[in-house]
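Examination of the molecular architecture
Given next are the chains, with one letter for each unit.
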Amino acid sequence: VKIAVVDKAGRPLDAIVPVRVDIRDSSGRDAERTGYYGAKDGRLELRLDLAANDSPGMWQIRVRELASGQIASYYLRVTRP
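Attention here is on the structure that accompanies the text. Every chain's residues receive numbers from 1 upward, in the order its sequence appears when written. With the structure being a predicted model, the display of local features is reserved for residues of pLDDT at least 70 and the display and counting of side-chain atom pairs for 80 or more, all residues being used for whole-chain, interface and lining totals. Side-chain measures here rest on the full set of heavy atoms in the structure, leaving out hydrogens and waters.

Note: two strands are recorded as paired if DSSP finds a minimum of 2 bridges between them. Think of it this way: any DSSP run of H or I at least four residues long counts as a helix, any run of E at least two long counts as a strand, and we number them from the N terminus. Here strand β2 (residues 16-24) runs beside strand β5 (residues 57-65); their pairing, made up of 6 bridges, is antiparallel. Its bridge partner being in β5, R20 is matched across the sheet by R64. Where β5 meets strand β6 (residues 71-78), 8 bridges bridge the pair, whose relative direction is antiparallel. Within β6, the position partnered with R62 by the bridge is S73.

Here it is in structure tokens:
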């Protein structure tokens, strides 16, 4: 998962930006990697290591930039191999 905190012109911020990342499985439970992070130079990259027994269905990734409170969400479909 690649996250970018950008200015109005779409450029990553030149700072360490505090963010909250919530990753929820299809049952609404918090998944691994949910937590607080610092996006260095406005960027953060998280690797999702999905296991064979993780819940299939629509998962939500929600990022909240903590200074402004702005939120962005992304959905992905997890399927069984």
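Structure shown, so let's carry the discussion forward.
Attention now moves to the nonpolar core. Core analysis: the biggest nonpolar cluster contains 15 residues, and V19, V21, I23, L44 and W59 have the highest contact counts within it. It is β2 that contributes the most residues to this core, 4 residues altogether. Among buried residues, the Ala, Val, Leu, Ile, Met, Phe, Trp, Tyr and Cys ones that are joined through side-chain atoms within 4.5 Å form a nonpolar core. Throughout, exposure labels follow a simple rule: accessible area from a 1.4 Å probe, protein chains only, divided by the maximum for the residue type, with under 20% read as buried, over 50% as exposed, and the rest as partly exposed.

Pairing of aromatic side chains here covers Phe, Tyr and the six-membered ring of Trp, requires ring centres within 6.5 Å, and sorts the geometry by plane angle: under 30 degrees stacked, over 60 edge-to-face, intermediate tilted. Scanning the model with the defined rule gives 0 aromatic pairs in all. We count a charge as sitting over a ring when the NZ of a lysine or the CZ of an arginine lies within 6 Å of the ring centre and within 35 degrees of the ring normal. A cation over a ring is seen here: R20 above Y36, with NZ or CZ 4.8 Å from the ring centre.

Strand direction decides the pairing type here: β2 and strand β3 (residues 35-40), joined by 6 bridges, are antiparallel. Note on β3: the bridge partner recorded for V17 is A39.

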